[in-house]
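# Chains, contacts and geometry: an overview
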Amino acid sequence: MTDHDDLLDVVVRLGRTQGHHAVRIEVRGDFDVIQVPRFDSIVGGLVLDGAELTVDLCNVGLIDSAALGALVRLRRRVVERDGQLVTLVARPFQLTIMRISGLFDHLNVVDVDAESSTSVDEAGG
Amino acid sequence: MTVEFETDAAGDHTERSSVRIDLPVETFSVAIARSVVRRSFQFLTPEAESSFLIALTEVVVNAIDEHRRLSLDDPVTVMLQLGDEPSVIVTDRGSGFDLKRTLATAERHTPGPESEAGRGLTIARAFVPRLSFETDQTGTTATLPTGGFAEPA
């Protein structure tokens, strides 16, 4: 059990992948209605033209419907600028919320744990 | 913000049967509600904690939004029942809603992927299936049983 409320921590990493402008946003803590304005402010300053944007939610302990709305807005911006979005999750509740909200495909959600298991299986032949 | 404790019939202050918190109609009240629940309950697993607190967040936000919609200064009440059948109960003093119709709509209709809102109730009920509502024109009470998620600390 956590004994403190987790504020939101957002880390932005910029780079290039195969010639494309790559942006990775790592989010930690409680991603909720309180923290959405801060998230919007941080990502609002990013240049997303043609970007490969990865939003890493693996270390988020809570995601609410307001946070999903923020991700929908972000995706819209990325697509309008000819970019792509990938959303990484790792925990069962993160998968659940993406599926029940109907956003699993729309946000291009990738289950990091399932992907790594598949890679191990393939490597083992 | 007001916090009140009720004890059992023996008056033993170390055995609280319920805790009541009156929350101001502010967005940050969501964090207060979660914080009190985190400290009052021992969650069985990290997944249980995340799941329950997501549902709680959605319910508290709805209550706060209802008070804002009606320009009510009255607080939103969160009651932690710590005795038999522990639960978290969120009460607003709004104008209520058509429960049957709202739940049926939520079941039949998922907001489109481009929609930024309208998912809260569906999410809350998915994570806490035994979430229940009592509602009338004087307000709404949402009960989130903690069984299967947490035990009183």
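The structure we're discussing is the one just above.
Residues numbered from 1 in each chain as written. Chains lettered and ligands numbered in written order. Predicted model: local features only at pLDDT ≥ 70, side-chain atom pairs only at ≥ 80, totals over all residues. Heavy atoms only, no water.

## Considering the overall build of chain B
Keep this limit in mind: Only DSSP runs of H or I with at least four residues qualify as helices, and only runs of E with at least two residues qualify as strands; both kinds are numbered from the N terminus onward. It is over C-alpha atoms that the radius of gyration is taken, and the globule rule equals 2.2 Å times the number of residues to the power 0.38. Exposure classes here rest on a 1.4 Å probe applied to the protein chains alone. A residue is buried below 20% of its type maximum, exposed above 50%, and partly exposed in between. Pairs of residues are marked as contacts when any of their non-hydrogen atoms sit within 4.5 Å. With residues, only the protein chains shown are counted as cover, and all accessible areas are computed by Shrake-Rupley using a 1.4 Å probe.
When you go through chain B residue by residue, the secondary structure sums to four helices and eight strands. Of the regular secondary structure in chain B, the N- to C-terminal order runs β-β-α-β-α-β-β-α-α-β-β-β. For a compact globule of 153 residues, the expected C-alpha radius of gyration is about 15 Å, and chain B comes in at 16 Å, within 12% of that figure. Overall, chain B is about 50 × 35 × 25 Å in size when its C-alpha atoms are taken along their principal axes. Put simply, chain B has 153 residues, and 44% of those count as buried. The contacts of chain B with a sequence gap of at least 6 include a subset with a gap of at least 24, amounting to 61%. As presented, chain B carries roughly 7700 Å² of accessible surface, and 49% of it is formed by carbon and sulfur atoms.

## Some details on the pattern of salt bridges
Our working definition: Salt bridges are defined by distance alone: a side-chain nitrogen of Lys or Arg within 4 Å of a carboxyl oxygen of Asp or Glu.
Scanning all chains against the criterion turns up 17 salt bridges over all chains. For the salt bridge of R38 of chain B with D30 of chain A, the shortest nitrogen-to-oxygen distance reads 3.3 Å. Note that R38 of chain B is positioned in helix α1 (residues 29–40) and D30 of chain A in strand β2 (residues 20–31), a pairing that runs across two chains. For D30 of chain A, a relative accessible area of 1% gives the class buried.

## Focus on the nonpolar core
Here is the rule: Note on terminology: a nonpolar core comprises buried Ala, Val, Leu, Ile, Met, Phe, Trp, Tyr and Cys residues joined through side-chain atoms within 4.5 Å.
Ranked by size, the top nonpolar core spans 75 residues in total, and within it I25, F31, F39 and L57 of chain A carry the most contacts. Residue contributions to this core peak at 11 residues, all from helix α2 (residues 46–69) of chain B. Residues in contact with F39 of chain A, not counting those within four places in the same chain, are L8, V10, I25, V27, F31, A70, L71 and L74 of chain A.

## Some details on the layout of surface pockets
Remark: the empty space left among the atoms is shown by a probe the size of a water molecule rolled over them. Inclusion rule: We place a 1 Å grid over just the protein atoms. Points where a 1.4 Å probe fits but has no way out form a cavity, open points with protein on both sides within 12 Å along at least 5 of 7 lines form a pocket, and any residue with an atom within 4 Å of a point lines it. Grid points are joined across faces, edges and corners, and a volume is the space filled by probe spheres set on the points. When residue character is reported, Ala, Val, Leu, Ile, Met, Phe, Trp, Tyr, Cys and Pro are called nonpolar, Asp, Glu, Lys and Arg charged, and the others, Gly included, polar.
The computed volume of the largest pocket comes to approximately 660 Å³. E58, N62, G118, G120 and L121 of chain B are, among the 33 residues lining the largest pocket, the residues nearest its centre. Only α2 (65–80) of chain A together with α2, β5 (87–92), α3 (99–108), α4 (120–127) and β7 (139–145) of chain B provide two or more residues apiece to the lining of the largest pocket. The element that contributes the greatest number of residues to the lining of the largest pocket is α2 of chain B, accounting for seven residues. Among the residues making up the lining of the largest pocket, the classes are represented as 13 nonpolar, 12 polar and eight charged.

## What to know about the pairing of strand β3 (residues 52–63) of chain A
Residues and elements named next belong to chain A. The cut-off we apply is this: Pairing between strands is defined by DSSP: at least two bridges between the two strands are required. Crossover handedness is defined here as right-handed if the route from the first strand over the helix to the second strand goes clockwise, with the strands pointing away from the viewer.
Burial analysis of β3 places 10 of its 12 residues in the buried class, which makes it a mostly covered element. Taken together, the nine bridges between β2 and β3 define a ladder with parallel strand orientation. When the bridges of β3 are listed, E26 appears paired with D56. Assessed by its sense of winding, the connection that carries the chain from β2 through helix α1 (residues 36–44) to β3 is right-handed. With five bridges connecting them, β3 and strand β4 (residues 84–89) associate as parallel partners.

## Focus on the packing of helix α3 (residues 92–100) of chain A against α4 of chain B
Condition: In this analysis an axis means a line fitted to C-alpha atoms, helices contributing only their contacting stretch, and an angle means the value between N-to-C directions, from 0 to 180 degrees. Angle categories: roughly parallel below 35 degrees, roughly antiparallel above 145, roughly perpendicular from 65 to 115, and oblique for all the rest. Handedness of a crossing is defined here by the sense of rotation of the near helix relative to the far one, left-handed for an anticlockwise turn of less than a right angle and right-handed for a clockwise turn.
Running from N to C, α3 of chain A and α4 of chain B cross one another at 135°; their axes reach a closest spacing of 10 Å. The angle between α3 of chain A and α4 of chain B places the two elements in the oblique class. Every pair of crossing elements has a handedness; the one defined by α3 of chain A and α4 of chain B is right-handed. Facing F93, T96, I97 and I100 of chain A of α3 of chain A, the residues of α4 of chain B in contact are T122, I123, A126 and F127 of chain B. Looking at the contact of α3 of chain A with α4 of chain B, its residues break down into six nonpolar, two polar and no charged.

## A look at the sheet that holds strand β1 (residues 9–17) of chain A
Residues and elements named next belong to chain A. One open sheet accounts for five strands, arranged β1-β2-β3-β4-β5; its pairing is mixed. Sheet topology places β1 and β5 (109–111) at the edges, where each strand pairs with a single neighbour. Recorded for the sheet is a direction-independent mean angle of 20° between the axes of neighbouring strands. Taken together, the three bridges between β4 and β5 define a ladder with parallel strand orientation. When the bridges of β5 are listed, V89 appears paired with D111. Each of β3, β4 and β5 is contacted by α3, which is oriented at about 115° to β3, the strand it contacts most.

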